[in-house]
Amino acid sequence: MTALAPEHATMPVAGRLGPEASPAEVAAHVAEAARQIRIQDVTVVHHAGAGHIGGDFSAIDVLATLYGAVLRITPETVDDPERDRFFLSKGHVAGALYTTLAAFGFLPVADLATFLKPLSALNGHPNRRKVSGVEANTGPLGHGLPVAVGHALAARLDGSPRRTFVLVGDGELQEGSNWEAMMTAAHQGLENLTVIVDRNHLQQGATTEDTNDLGDLAAKAAAFGLGVTEVDGHDHAALVAVLSAPPVVPGRPTFVIAHTHKGHPISFMSDNVAWHHKVPSAAQLEQALTELGADRPAGTKETS
Ligand SMILES: Cc1ncc(C[n+]2csc(CCOP(=O)(O)OP(=O)(O)O)c2C)c(N)n1
Ligand SMILES: [Mg+2]
């Protein structure tokens, strides 16, 4: 097993702020968690020699917002039937999910060093039987949203207030199963379901526009009966507000188009399709860590 570079082998574990925290304090808390998650994740991918760092960095602000401020779930309630559910449908960014789960205490931080190693539970695609906090096995694109619809329907049948969230890739939306699932969710009036699209305009090897253009995604989702909203997927305050809000249209599922950049915010990765599953060299790792302010103590602000 390749050990993590010692200086990055630990990460402060974040919790949830209390109800007295202001929106600005919550946003700052999530922002710091996302910074720590990126520092750890890029280090893990470098040492594993594989991973999907571009899609990881596209999604980390959404993941940190969900676990740091939105989902009603803690390491103590991870098996509670009344917990909120989160499904990572774009399962190729398993590294981002594991690092987020570690950042919020669901997984020992030291386990991250085993990512993709033989016999590790931290496989390239998340497995619910191996990792506490993972709700479904995903990786084959187009499965997470249909599973989430089933869970949201179950919650409704239980008369439970628990909410269900699912993160899908934009390229993933080319899979027809998503549209069948959205049609069903709208037909069933699943207002407890929130679909978040990681709208980075890139997939594997090309743009979504050049591969199979999604066209006017907001109009399409609305035509399928969902309440649609759009947000900057790297703006923590905006993400907290949108993901904590009641359904956009009462009685309908919510469809959040989170505008993101693959590889964000690293200068040489951002919006560069090559970083779908490229592995940073030692020099690129150092550059990325510098840009993330990795030598800055946890919780401190950039001074420049
Ligand atoms: C059914 C299926 N087909 C192909 C793949 C291979 N694959 C993994 S990631 C990916 C691109 C996904 O693009 P997108 O959904 O936009 O994700 P992101 O840009 O956030 O990485 C593809 C084609 C897969 N995992 N599942
Ligand atoms: Mg994409």
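Residues numbered from 1 in each chain as written. Chains lettered and ligands numbered in written order. Predicted model: local features only at pLDDT ≥ 70, side-chain atom pairs only at ≥ 80, totals over all residues.

(A) View of the overall build of the protein. Each helix and strand in the protein was counted, giving nine helices and five strands. When the helices and strands of the protein are listed from N to C terminus, the series reads α-α-β-α-α-β-α-β-α-α-β-α-β-α. The C-alpha atoms of the protein give a radius of gyration of 18 Å, which matches the 19 Å a tight globule of 304 residues would have. With the C-alpha coordinates of the protein rotated into their principal frame, the extents come out at 50 × 45 × 45 Å. When the 304 residues of the protein are sorted by exposure, 49% land in the buried category. Across the protein, the fraction of contacts at a sequence separation of at least 24, relative to all contacts at a separation of at least 6, is 77%. (Helix = DSSP H or I, 4+ residues; strand = E, 2+ residues; numbered from the N terminus. Rg over C-alpha atoms; globule rule 2.2 N^0.38 Å. Buried ≥ 20, exposed ≤ 12 C-beta atoms within 10 Å, placed from the backbone. Contact = placed C-beta atoms within 7 Å.)

(B) How the structure looks around the sheet that holds strand β2 (residues 164–169). Spatially, the five strands line up as an open sheet ordered β1-β2-β3-β5-β4, and their pairing is parallel. Every interior strand has two partners, whereas the edge strands, β1 (85–88) and β4 (227–232), have only one. The sheet shows a mean angle of 20° between the axes of neighbouring strands, direction not considered. Across six bridges, β4 lies against strand β5 (residues 254–259) in parallel orientation. Counterpart to V231 in the pairing with β5 is A258. Sheet contacts for helix α4 (residues 144–158): β1, β2 and β3 (193–199); angle to β2, the most-contacted strand, approximately 170°. (Pairing = 2+ DSSP bridges. Axes fitted to C-alpha atoms, helices over the stretch in contact; angles between N-to-C directions.)

(C) Up close: the site of ligand 1. Taken together, 18 residues surround ligand 1, and among them G55, G169, G171, E172 and Q203 come closest. Across the shell around ligand 1, the residue classes break down as three nonpolar, ten polar and five charged. (Near = placed C-beta within 6 Å. Nonpolar A, V, L, I, M, F, W, Y, C, P; charged D, E, K, R; others polar.)

(D) Region of interest: the environment of L101. Relative to the assigned elements, L101 resides in helix α3 (residues 94–103). When the 26 C-beta atoms within 10 Å are taken as the criterion, L101 is described as buried. Beyond its immediate chain neighbours, meaning those up to four positions away, L101 contacts F106, L107 and G133.

(E) Here's a closer look at the pairing of β1. Side chains R85 and F87 of β1 all project onto a buried face; the interleaved residues F86 and L88 project onto the opposite face, where all are buried too. Sheet topology note: the β1/β2 ladder contains four bridges and is parallel. The residue of β2 that forms the bridge with F86 is F165.

(F) Summary view of the nonpolar core. With 81 residues, the main nonpolar core has L63, L66, Y98, V166, V195 and I196 as its most contacted residues. Apart from the residues lying within four places of it in its own chain, the contact partners of L66 are L71, F86, F165 and L243. (Core = buried A, V, L, I, M, F, W, Y, C linked by C-beta atoms within 7 Å.)

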